[in-house]
Amino acid sequence: MRRFLFLLMLPILACSGLNTPFPSTPTFDPVTETSAPPTAIPETPTPTPIPFTATPTIPPDASIFPSPEAYTWQLFVAGLQRPVDLQADGSGRLFVIEKVGRIRIIQDGQLLLTSFLDITDRVDNSGNEMGLLGLAFHPDYAQNGFFYVNYTGSGGNTFISRFQSDGDAANPNSETILLTIDQPYPNHNGGVLAFGPDGYLYAGLGDGGSRGDPLDNGQNTDSLLGKVLRIDVNNGDPYAIPADNPFGNEVWAYGLRNPWRMSFDRQTGDLYIADVGQDVWEEVDFLPAGSPGGANFGWNFREGAHDYQGTAPAGLVDPVAEYSHAEGGCSVTGGYVYRGAMTEWNGIYLFGDYCTGFIWGLINSDGGWQKQLLFDVDVPITSFGQDEAGEIYLLSDIGNIYRLVRE
Ligand SMILES: [Ca+2]
Ligand SMILES: [Ca+2]
């Protein structure tokens, strides 16, 4: 509920382009400016033509952060009502969720007037952390038209449902409810949905709410709250539990407080989970591709990499990155690993903070995780998005979407 306070600030926030680079960014090694290897160009005449059928070369991951001064978050689309998620369906279009209960289409950079889906009739948007919160397209969406949403519905409870689209519109009556999860408090509902490289649908669920996880949901593997869930939507009715889920239920990973946003690296399959903290520490958790289920990310024994309550058992997985509220922030907003055309960003995970508009980069290089504050966009960041080309966008509570571009 901390976010509510910041809504009061919204009217005074400007809507123009974002003043990009973080002003007091720690000194950037000049080496970063000339990171392109001085490739010697052979003088050989007639180079052998490379057939277009060759496997495209995947650029290596960045080992250092690009200098942020050379980039900006350019206004992409304006005029949305509390946008909270952005997803690509594979057609070149982007789909943006408005928390009130609508999905809008962005085609060729234009926001279409007609909603793709409008389920405001069943979405409970009465709390700041309630509403239509997450969207994921089925990997075979082009064939089956299936997509999945996470919303707060009747009773303030969480609904994870499937809908079916027909071109530019989805039928609101096509809903099949997969899961209904009782919510004891209005906050900490999680909301993110994502398909993994294994074809299973993953969902981030918060601990249920209040503060400090009073019902101890995070550490209770019989509860679906405070978890990353993993279900097989291609089998069962309405879904099946994958045989290798660690506890025989929907739970894949646990010990989470409010995993509002998580994403898979589209190239490696690694999973990044941004878990919103309680009073002091915001964190990013990491599961390498191929990890078994059952990771315990610590809440509420731990907040970030610090003791919070009780005596922590062995085997907890600490975050790969964290920042404190004293550094400036209140609520981590998870992003994506960049995989677009600006290959100097390749492999860098970008994430931000709702309250400050700070954006950090995170990479695993030199044998460890490196985090660097890169941008201060001065708008509340509700979410990030990634298009089919791997480019990265940010969504702001003031109604705008911005795209990371070269200056
Ligand atoms: Ca809740
Ligand atoms: Ca944790």
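Residues numbered from 1 in each chain as written. Chains lettered and ligands numbered in written order. Predicted model: local features only at pLDDT ≥ 70, side-chain atom pairs only at ≥ 80, totals over all residues.

Observations concerning the overall build of the protein chain
What counts, and what does not: Secondary structure follows DSSP: runs of H or I at least 4 residues long count as helices, runs of E at least 2 residues long count as strands, and numbering of each begins at the N terminus. Put simply, a residue is buried when 20 or more other C-beta atoms lie within 10 Å of its own C-beta and exposed when 12 or fewer do; between those, it is partly exposed, and each C-beta is set from the backbone. In this description, any two residues whose backbone-derived C-beta atoms lie within 7 Å of each other are considered to be in contact.
Scanning the protein chain from terminus to terminus reveals 2 helices and 29 strands. Put simply, the protein chain has 407 residues, and 46% of those count as buried. Long-range contacts, defined here as pairs at least 24 residues apart, represent 57% of the contacts in the protein chain between residues at least 6 apart.

Some words on the sheet that holds strand β13 (residues 201-205)
For the record, the criterion: When DSSP finds two or more bridges between two strands, those strands count as paired.
Pairing is mixed in the open sheet, where 5 strands are placed in the order β12-β13-β14-β15-β19. With partners counted over all chains shown, the strands left at the sheet margins are β12 (193-195) and β19 (295-296), one partner each. The pairing of strand β15 (residues 251-254) with β19 spans 2 bridges and is classified as parallel. Considered in β19, the bridge of Tyr 254 is made with Asn 296.

What about the environment of Glu 303?
Topologically, Glu 303 is positioned in strand β20 (residues 302-303). According to the C-beta neighbour criterion, Glu 303 is buried, with 23 such atoms within 10 Å. Along the chain, Glu 303 and Leu 256 lie 47 residues apart, while their C-alpha atoms are 9.4 Å from each other. Those residues in contact with Glu 303 that sit more than four places away from it in its chain are Gly 277, Gln 278, Val 280, Trp 281 and Tyr 308.

Concerning the confidence of the model for the protein chain
Formally: Known as pLDDT, the predictor's confidence for each residue is given on a scale from 0 to 100.
Per-residue confidence for the protein chain averages 90 on the pLDDT scale, and 86% of its residues sit at or above 70. Contacts from residues 1-17, a stretch scored under 50 in pLDDT, to residues over four places away or in other chains number 21 contacts. Low pLDDT, under 50, characterises residues 22-42; the stretch is placed with 17 contacts to residues that sit more than four places away or in other chains.

Some details on unusual backbone geometry
Following Asp 237, the chain continues to Pro 238 via a peptide bond in cis, the omega torsion being 5°. Structurally, the position occupied by Pro 238 is in the loop between β14 (227-231) and β15. The backbone of His 188 shows a phi angle near 55°, a positive value even though the residue is not glycine. Secondary-structure assignment places His 188 in the loop between β11 (176-181) and β12. You will see that Asp 216, though not glycine, has its phi angle at about 55°, which is positive. By the secondary structure assignment, Asp 216 is in the loop between β13 and β14.

Some points on the environment of Glu 282
With respect to the helices and strands, Glu 282 occurs in strand β18 (residues 281-287). Using a count of 26 C-beta atoms within 10 Å as the deciding quantity, one classes Glu 282 as buried. Through-space distance from the C-alpha of Glu 282 to that of Cys 330 is 7.5 Å; in sequence the pair is 48 residues apart. Excluding residues within four positions of it along the chain, Glu 282 makes contact with Val 276, Gly 277, Glu 322, Tyr 323, Gly 329, Ser 331, Val 332 and Asp 353.

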